[in-house]
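One letter stands for each residue in the lines below.
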Amino acid sequence: MNLLPKSSQEFGSVDYWEKFFQQRGKKAFEWYGTYLELCGVLHKYIKPRERVLVIGCGNSELSEQLYDVGYQDIVNIDISEVVIKQMKERNASRRPQMSFLKMDMTQMEFPDASFQVVLDKGTLDAVLTDEEEKTLQQVDRMLAEVGRVLQVGGRYLCISLAQAHILKKAVGHFSREGWMVRVHQVASSQDQVLEAESRFSLPVFAFVMTKFRPVPGSALQIFELCAQEQGKPVRLESAERLAEAVRERQQYAWLCSQLRRKAGLGSVSLDLCSGDSGEPRYTLHVVDSPAVKPSRDNHFAIFIIPQGRETEWLFGMEEGRKQLAASAGFRRLVTVALHRGQQYDGMDSVQAELSSRVTELAPAGMPPQQQVPFLSVGGDIGVRTVQHQDCSPLSGDYVIEDVQGDDRRYFRRLIFLSNRNVVQSEARLLKDVSHRAQKKRKKDKKKQRPADTPEDLPPAPGQSVDKSYLCCEHHKAMIAGLALLRNPELLLETPLALLVVGLGGGSLPLFVHDHFPKSCVDAVEIDPSMLEVATRWFGFAQSERMKVHIADGLDYITSLAGGEARPLYDVIMFDVDSKDPTLGMSCPPPAFVDQPFLQKVKSILTHEGVFILNLVCRDLALKDSVLAGLKAAFPVLYVRRIEGEVNEILFCQQHPGQKLATPELLEMAQALERTLRRPGRGWDDTYVLSDMLKTVKIV
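Everything numeric in this text was worked out from a predicted model, so none of it was measured. (Residues numbered from 1 in each chain as written. Predicted model: local features only at pLDDT ≥ 70, side-chain atom pairs only at ≥ 80, totals over all residues. Heavy atoms only, no water.)

Moving on, we get to the overall build of the chain. Secondary structure assignment for the chain yields 21 helices and 27 strands. Within the chain, the proportion of its 699 residues that are buried is 53%. For the chain, the accessible area works out to roughly 32,200 Å², and carbon and sulfur atoms hold 51% of it. (Helix = DSSP H or I, 4+ residues; strand = E, 2+ residues; numbered from the N terminus. Buried < 20%, exposed > 50% of the residue type's maximum accessible area, 1.4 Å probe, protein only. Areas by Shrake-Rupley, 256 points an atom, 1.4 Å probe, with all protein chains shown as cover.)

So, about the packing of aromatic side chains. Considering all chains together, one arrives at 10 aromatic pairs under this definition. Above the face of the Y469 ring, R428 is positioned so that its terminal group lies 3.7 Å from the ring centre. (Phe/Tyr/Trp six-rings, centres within 6.5 Å; stacked < 30°, edge-to-face > 60°. Lys NZ or Arg CZ within 6 Å of the ring centre and 35° of its normal.)

Our next topic: helix α2 (residues 35-45). Within the span of α2, buried status applies to Y35, E37, L38, V41, L42 and Y45. Projected down its long axis, α2 carries its buried residues within an arc of 135°, all on one side. More than 90 degrees from the buried face of α2, the exposed residues found are L36 and G40. (Arc of directions from axis to C-beta.)

Time to look at the nonpolar core. The biggest cluster of nonpolar side chains holds 47 residues, and the ones touching the most others in it are F516, V571, M573 and F651. It is helix α20 (residues 662-676) that provides the largest number of residues to this core, a total of six residues. Discounting chain neighbours no more than four positions away, the residues touching M573 are M478, L482, L498, L499, V500, V501, L508 and I612. Counting residues in hydrophobic clusters, the runner-up holds 41 residues, among them L53, I77, V146 and V171. (Core = buried A, V, L, I, M, F, W, Y, C linked by side-chain atoms within 4.5 Å. Contact = heavy atoms within 4.5 Å.)

Turning next to the sheet that holds strand β1 (residues 52-55). The strands that make up a sheet pair up through hydrogen bonds in the backbone, lying either parallel or antiparallel. Sheet architecture is open: nine strands sit in the order β3-β2-β1-β4-β5-β7-β6-β8-β9, paired in mixed fashion. With partners counted over all chains shown, the strands left at the sheet margins are β3 (99-102) and β9 (234-236), one partner each. This sheet shows a mean twist of 20° between the axes of neighbouring strands, independent of strand direction. With three bridges connecting them, strand β8 (residues 222-226) and β9 associate as antiparallel partners. Residue F223 lies in a different strand from β9, and its bridge partner there is L236. The strands that helix α7 (residues 164-176) touches are β5 (150-160), β6 (180-185), β7 (205-210) and β8; relative to β7, the one it contacts most, it runs at about 15°. (Pairing = 2+ DSSP bridges. Axes fitted to C-alpha atoms, helices over the stretch in contact; angles between N-to-C directions.)

To continue, consider the packing of helix α14 (residues 473-480) against helix α15 (residues 507-515). Where α14 meets α15, the axes come as close as 11 Å, and the angle between the chain directions of the two elements is 40°. Our classification of the angle between α14 and α15 gives oblique. Between α14 and α15 lies a crossing whose hand is right-handed. Residues H475, M478 and I479 of α14 form the contact with α15, whose own contacting residues are S507, L508, F511 and V512. A per-class count over the contact of α14 with α15 returns five nonpolar, two polar and no charged. (Parallel < 35°, antiparallel > 145°, perpendicular 65-115°, else oblique. Left-handed = near helix turned anticlockwise from the far one by under 90°. Nonpolar A, V, L, I, M, F, W, Y, C, P; charged D, E, K, R; others polar.)

For the rest of this paragraph, the subject is the side chain of E401. Take E401: it is sitting in strand β16 (residues 396-404). A distance of 3.2 Å separates polar atoms of two side chains, one belonging to E401 and the other to R384. Contacts of E401, omitting those with residues within four sequence positions, involve R340, R384, T385, V386, Q387, F411, R412, R413 and I415. (Polar contact = N/O pair within 3.5 Å; in protein donor to acceptor, adjacent residues only side chain to side chain.)

Before going further, it helps to examine the pairing of β5. Within β5, eight of the 11 residues are buried, which leaves it mostly tucked inside the rest of the structure. Summarising the sheet, β5 and β7 pair through six bridges and their orientation is antiparallel. Within β7, the position partnered with Y156 by the bridge is M209.

So, about the pairing of strand β10 (residues 268-273). Residues V268, L270 and L272 line the buried face of β10, whereas the alternating positions S269, D271 and C273 sit on a face that is not buried. Of the pairings in the sheet, the one linking β10 to strand β11 (residues 280-288) comprises six bridges and is antiparallel in character. Bridge pairing in β11 links L270 to L284.

Our focus in this paragraph is the sheet that holds strand β12 (residues 300-305). Judged by pairing direction, the sheet is mixed, and its five strands sit side by side in the order β10-β11-β13-β12-β14 without closing on themselves. Single-partner strands in this sheet number two, and they are β10 and β14 (374-376). Within the sheet, the average angular offset between the axes of one strand and its neighbour, ignoring direction, is 25°.

A word on the environment of P214. Relative to the helices and strands, P214 is located in the loop between β7 and β8. Between the C-alpha atom of P214 and that of G178, which follows or precedes it by 36 residues, the distance is 6.6 Å.

The next subject is the packing of helix α6 (residues 133-149) against α7. As a packed pair, α6 and α7 sit with axes 11 Å apart at the nearest point and diverge in direction by 45°. By the angle between their directions, the pair α6 and α7 is classed as oblique. Crossing handedness for the pair α6 and α7: right-handed. Counted together, L136, V139, D140, L143, A144 and V146 of α6 and K169, H173 and F174 of α7 form the full contact between these two elements. For the contact of α6 with α7, the class distribution of residues is six nonpolar, one polar and two charged.

Attention now goes to the side chain of S289. The topology assignment puts S289 in the loop between β11 and β12. With a relative accessible area of 10%, S289 lands in the buried category. Excluding residues within four positions of it along the chain, S289 makes contact with A325, A326, F330 and R331.

Per-residue confidence for the chain gives a mean pLDDT of 83, with 86% of residues at or over 70. Taken as a whole, residues 1-12 scores under 50 in pLDDT and shows 24 contacts with residues more than four places along the chain or in a different chain. Of the regions scoring below 50 in pLDDT, residues 189-199 engages in 16 contacts with residues more than four places distant in sequence or in other chains. (pLDDT = per-residue confidence, 0-100.)

Right, here's the structure in full:
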């Protein structure tokens, strides 16, 4: 028996509904969920003693179930004489105070202000099938009648799928009337969600339109969204932002339904936002492992990434997450990254907050009520302390934060918030400078501070930074490139001139300065804010042998190349990022590898010097072009790929006779290691420069 209309316009036809209920019979037809699914929101917005009008009641059991739990002053109307007769017969003896009337909701016969609540379950959706003029006029009459029969302070409670045209019409109508507009997502248990899959994938919403007394000349409009996991509504600035927020909830529900039905959708990621601020609070990545054999207990798990470690390859890159999921042994793993700027009270609190949402991402076939395990490294959420936050006119918003690594050591990081998943600079803190010790020093300083003086800046002692340690793998590889200079064992005794373009936290030029006593380093940085950051937070200091030049690296090198007394450098290093996120190459900016500019770089490099470049390029065609350009300018070109990262370190020299085979490279790297490992040099024993050159590829 086909009960569907031939066209959407028939939903507004009396004849269609008469035939529908005659063919359907007395069995209840529940649009958009049962009483158990809706009772949470209904009880929130309807008081037991209020007078309720249900428009387009059909043969739903909703009114009957409300009546049975104490809501007895209920009037039901519908345009179908058949269904009104059925409902009267069904309720005459059992629910004598509830009435059923055949009535057109666009021309209701009730006096003004007769009800405290008008309840609409799917009726607006059924009537507003399109945006043709005739349909919109009918809806205008319906909504005007709703407003007329409601008392001031009364509520129009409309259960809807909140499709875009319906939301636009309802919100627009009532906001213009000066009513408060709230959209409340209807909460569903996991069992109800699975049960509803056969009906539709879109979530159900309740429009709660509260009638205010008209205020002449007032333009106040109130828009709120109450999502199912929140205890209180969030105020939004416009109807457009409300519509956007609803659309986000619908997209999330659609994604959940797709994930429940099938696995292997590819890379799926989403943000869960704070209910109070609307800011991202958690970033989730859904990773399926089809190769994992299914069993009762390996369907699904949640992995909480410790704070500050979301940038690591295992957690921050798609391939790393796939490896993590496979090693964990679950068919589906959801990794969860915690955002900076948000407050977290420990693993138990995070688990409680996420439990109701992440289970919606479970795969098909997971047994009902199965406990979902929460996994992590070390069983906690890690430590992240924001030491400083500021905005640079050139680099934008940035943050200095201390995070705890997997060995319980603390690391200080510079993060540009325009690319918050990339660590711009990093330094290891000395063991005696713990998170707790730093907090204690801050507290003691506050106690000693006179009340009328400005607050001191947080401590940033240079001695807290371990200057002998390079955190970044690409910096280690760049240092290993010094082995390409002839006679590496003499590097400590002979003068060494270096030019480093890109300062960041200053760890790379500082390391060269401290470990090569005869070195003279010129560092070029376009952003003066970064010199302040490096000095104040990363223990950087200028000296007779190390000078920082605030300039554009392009202009600085062009000026040197065109000068009469042209300096020559033994080593030139480029570690400079692009400020344009739309490019396929984020390091360096494309102008730094243009052929004319490379010739200028070549002109200020000594005969046996080495040009070392940090390349971060995801566009394979562009990368091939860059390598070809470098090869044209520098016949000797080595490439070292940084494992688990996009970075590639390029070592360039200008004379073919300098080309070395891998065994020779390793021998020179080992010679440099022996020199740096001499007693009293402060060289960290974890460095193995020869390892950095083992996988060098000759282009």
